[in-house]
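Secondary and tertiary structure notes
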Amino acid sequence: MERFHILVGDITHSDAEAVVNAANTSLLGGSGVDGAIHRAAGPQLLEACRRLNGCETGQAKITPGFRLKARYVIHTPGPIWQGGGLGEPALLASCYRSCLELAAAYGIQSVDFPSISTGIYAYPLPQAATVALRAIMSFLAQHDLPRRVGMVCHTEAAAAIYRQTFNLWYAEEKSDRL
Ligand code: ADP
């Protein structure tokens, strides 16, 4: 599927029109990718986030990208992994869907995602990758925008898991069509 790409790198260097921030519910910055995005975007991002009054887990809110190359930042708080029985998969899927809905509503052509919840929030990477890919691919199958979606993995090891998960998804899709 040419509209979807798996990349390795630092999402703050993304060329996409919007980058997603794996935020927390306060939207007031944090560690990991959240800290990196706030540092790269500059202090105006925090000012803009203060006006948003937080965000619920699984939902998304949008700000300008300020000093980032990206025109927009879409902030989404992922679920904290607590064993998987507390609705974490549905909440994680909702993060991806909410970001993509917001992107489509803003007419955004390209969006790069980090691997939401798989750092401090401890969501196991293979399970998170399965949820992420299913949510993204089913959204893309039903919408023209965004035209391009990237999954920006911070490490080659994480990208390998996403690629493997993508290949499994693709094989399943093909066998469903037979
Ligand atoms: P969460 O709190 O949602 O778990 P983290 O920021 O701790 O968020 O981690 C989410 C993922 O983002 C992790 O897989 C981590 O390796 C990755 N990550 C951290 N910094 C960056 C970055 N600059 N660019 C892309 N991915 C990043």
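Anyway, here's the lowdown on the structure attached to this text. (Residues numbered from 1 in each chain as written. Predicted model: local features only at pLDDT ≥ 70, side-chain atom pairs only at ≥ 80, totals over all residues. Heavy atoms only, no water.)

1. Here we look at the side chain of H38
For clarity, the threshold we go by: Only runs of H or I of at least four residues qualify as helices and only runs of E of at least two qualify as strands under DSSP, and these elements are numbered from the N terminus. Contact definition: two residues touch when any of their heavy atoms are within 4.5 Å.
Within the secondary structure layout, H38 lies in helix α1 (residues 32–41). If we ignore the near neighbours within four places in the chain, the residues touching H38 are N21, L27, G29, L45, L46 and C49.

2. With respect to the pattern of salt bridges
As a reminder, the rule being used: When a carboxyl oxygen of Asp or Glu is within 4 Å of a side-chain nitrogen of Lys or Arg, the pair counts as a salt bridge. Categorising residues by exposure relies on relative accessible area from a 1.4 Å probe, with only protein chains included: less than 20% of the type maximum marks a residue as buried, more than 50% marks it as exposed, and the intermediate range marks it as partly exposed.
Within this structure, the stated rule accounts for four salt bridges. Here R71 ties to E17 by a salt bridge, and the two come within 3.6 Å at their closest N and O atoms. Of this pair, R71 sits in the loop between β3 (61–64) and β4 (72–77) while E17 sits in the loop between β1 (4–8) and β2 (18–23), and the two are 54 residues apart along the sequence. We classify R71 as exposed; its relative accessible area is 53%. In this structure, the salt-bridge partner of E172 is R134, at a minimum N-O distance of 3.3 Å. Taken together, the residues E172 in helix α5 (residues 156–177) and R134 in helix α4 (residues 125–142) connect sequence positions 38 residues apart.

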